[in-house]
Amino acid sequence: MSDELNLGLLCYIAYRAMESGVLEALEAAGYGDLTAAQGRIAARIGPAGSRVTELAEQAGVTKQTAGFLVDQLERSGYVERVPDPSDARARLVRFAPRGKAAVAVAREAEVRIEATWSRHLGKRGTAQLRRALTELREITDPYR
């Protein structure tokens, strides 16, 4: 048996480090009421908004769980539900102004964290990692 960690676990460890760093930055900026679960749903909201069923599918949770998390985000002022212009019976979840501000903080944190990783790996190592993960996405990401 090898002591080497499998690639999935190695990717997950890096993902969790990114997620933790983003949540820390959000907390420092006054958005400490956001949870990791809420963030995983919010990260999947499209530019024009998304239906709860889409968010649930992409996050790998039940529609009820996604709805519960969206309810929490809505109560906290991060998102709003609006009519879907393509289907009057449906509603879209989109970012409210507070959510847009939090997304900007999260994006800045992602850039800082990635820069730290790039300094550690070097320019060539970072480019190789990005290329390999981008290629792997072709067979692992049904939402690309």
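Since we're looking at a predicted model, the values are computed, not measured.

Student: Sorry if this is basic, but what is going on with the overall build of the protein here?
Tutor: In terms of regular secondary structure, the protein is built from five helices and two strands. Each helix (α) and strand (β) of the protein, taken in turn from the N terminus, gives the series α-α-α-α-β-β-α. The C-alpha extent of the protein, read off along each of the three principal axes, is 50 × 35 × 30 Å. The proportion of buried residues among the 144 residues of the protein is 28%. When contacts within the protein are restricted to residue pairs at least 6 apart in sequence, long-range pairs at least 24 apart make up 48% of them. Taken as a whole, the protein presents about 9,800 Å² of accessible surface, with 56% of it coming from carbon and sulfur. Averaging the coordinates of the 21 positive side-chain charges in the protein and doing the same for the 19 negative ones gives two points 3 Å apart.

Student: How should I be thinking about the pattern of salt bridges in this particular structure?
Tutor: Charged atoms that come close allow side chains of opposite charge to pair. All told, the structure shown has 12 salt bridges when counted by the stated rule. Of the charged contacts, one joins E19 and R16 as a salt bridge, the two residues approaching to 3.4 Å between their closest N and O atoms. Highlighted residues: E19 and R16, both in helix 1 (residues 7-28), separated by three residues, approximately one helical turn. According to the relative accessible area criterion, E19 is buried, its value standing at 11%. Beyond isolated ion pairs, a larger network of salt bridges with shared partners links R51, D84, D87 and R89.

Student: Sorry, what's going on with helix 3 (residues 52-59) here?
Tutor: Since there are 3.6 residues in each turn of an α-helix, residues three or four apart along the chain are aligned in direction. Within the span of helix 3, buried status applies to V52, L55 and A56. Projected down its long axis, helix 3 shows its buried positions confined to an angular sector of 100°, all on one face. For helix 3, the elements touching its buried residues are helix 2 (36-42), helix 4 (63-75), strand 1 (79-84) and strand 2 (87-95). Phi for G60, located one or two positions after helix 3, is positive at around 70°.

Student: Quick question: what am I supposed to make of a nonpolar patch on the surface here?
Tutor: On the surface, a cluster of nonpolar side chains totalling about 660 Å² of accessible area is made up of L5, L7, L9, L10, Y12, I13 and Y15. With relative accessibility at 40%, the residue L10 sits in the partly exposed group.

Student: Honestly, the packing of helix 1 against helix 5 (residues 97-140) in this entry has me stumped. Any pointers?
Tutor: For any two helices packed against each other, one specifies the inter-axial angle together with the distance between the axes. Where helix 1 contacts helix 5, the two axes come as close as 7 Å, and the packing angle between them is 150°. Accordingly, the angle class assigned to the pair helix 1 and helix 5 is roughly antiparallel. Here helix 1 and helix 5 pass one another in a crossing that is right-handed. The segment helix 1 lies against helix 5, with C11, A14, A17, M18, G21, V22, A25 and L26 engaging A102, V105, A106, A109, E110, R112, I113, E114, W117 and L133. By residue class, the composition of the contact of helix 1 with helix 5 is 14 nonpolar, one polar and three charged.

Student: Just checking my understanding: could you explain helix 5 for this structure?
Tutor: Here helix 5 contains 44 residues, and its C-alpha end-to-end distance of 33 Å is more than 12% below the 64 Å for a straight helix at 1.5 Å per residue. If you check which residues of helix 5 are buried, you get G99, A102, V105, A106, A109, I113 and T126. Looking at the buried side of helix 5, the elements it contacts are helix 1 and strand 2.

Each value, and the rule that gives it
Residues numbered from 1 in each chain as written. Predicted model: local features only at pLDDT ≥ 70, side-chain atom pairs only at ≥ 80, totals over all residues. Heavy atoms only, no water. Helix = DSSP H or I, 4+ residues; strand = E, 2+ residues; numbered from the N terminus. Buried < 20%, exposed > 50% of the residue type's maximum accessible area, 1.4 Å probe, protein only. Contact = heavy atoms within 4.5 Å. Areas by Shrake-Rupley, 256 points an atom, 1.4 Å probe, with all protein chains shown as cover. Lys, Arg positive; Asp, Glu negative; His and termini not counted. Charge placed at Lys NZ, Arg CZ, Asp CG, Glu CD. Salt bridge = Lys/Arg side-chain N within 4 Å of Asp/Glu carboxyl O. Arc of directions from axis to C-beta. Patch = residues over 30% accessible without salt bridge, like charges linked within 9 Å, V, L, I, M, F, W, Y side chains within 5 Å. Axes fitted to C-alpha atoms, helices over the stretch in contact; angles between N-to-C directions. Parallel < 35°, antiparallel > 145°, perpendicular 65-115°, else oblique. Left-handed = near helix turned anticlockwise from the far one by under 90°. Nonpolar A, V, L, I, M, F, W, Y, C, P; charged D, E, K, R; others polar. Expected span 1.5 Å × (residues − 1).

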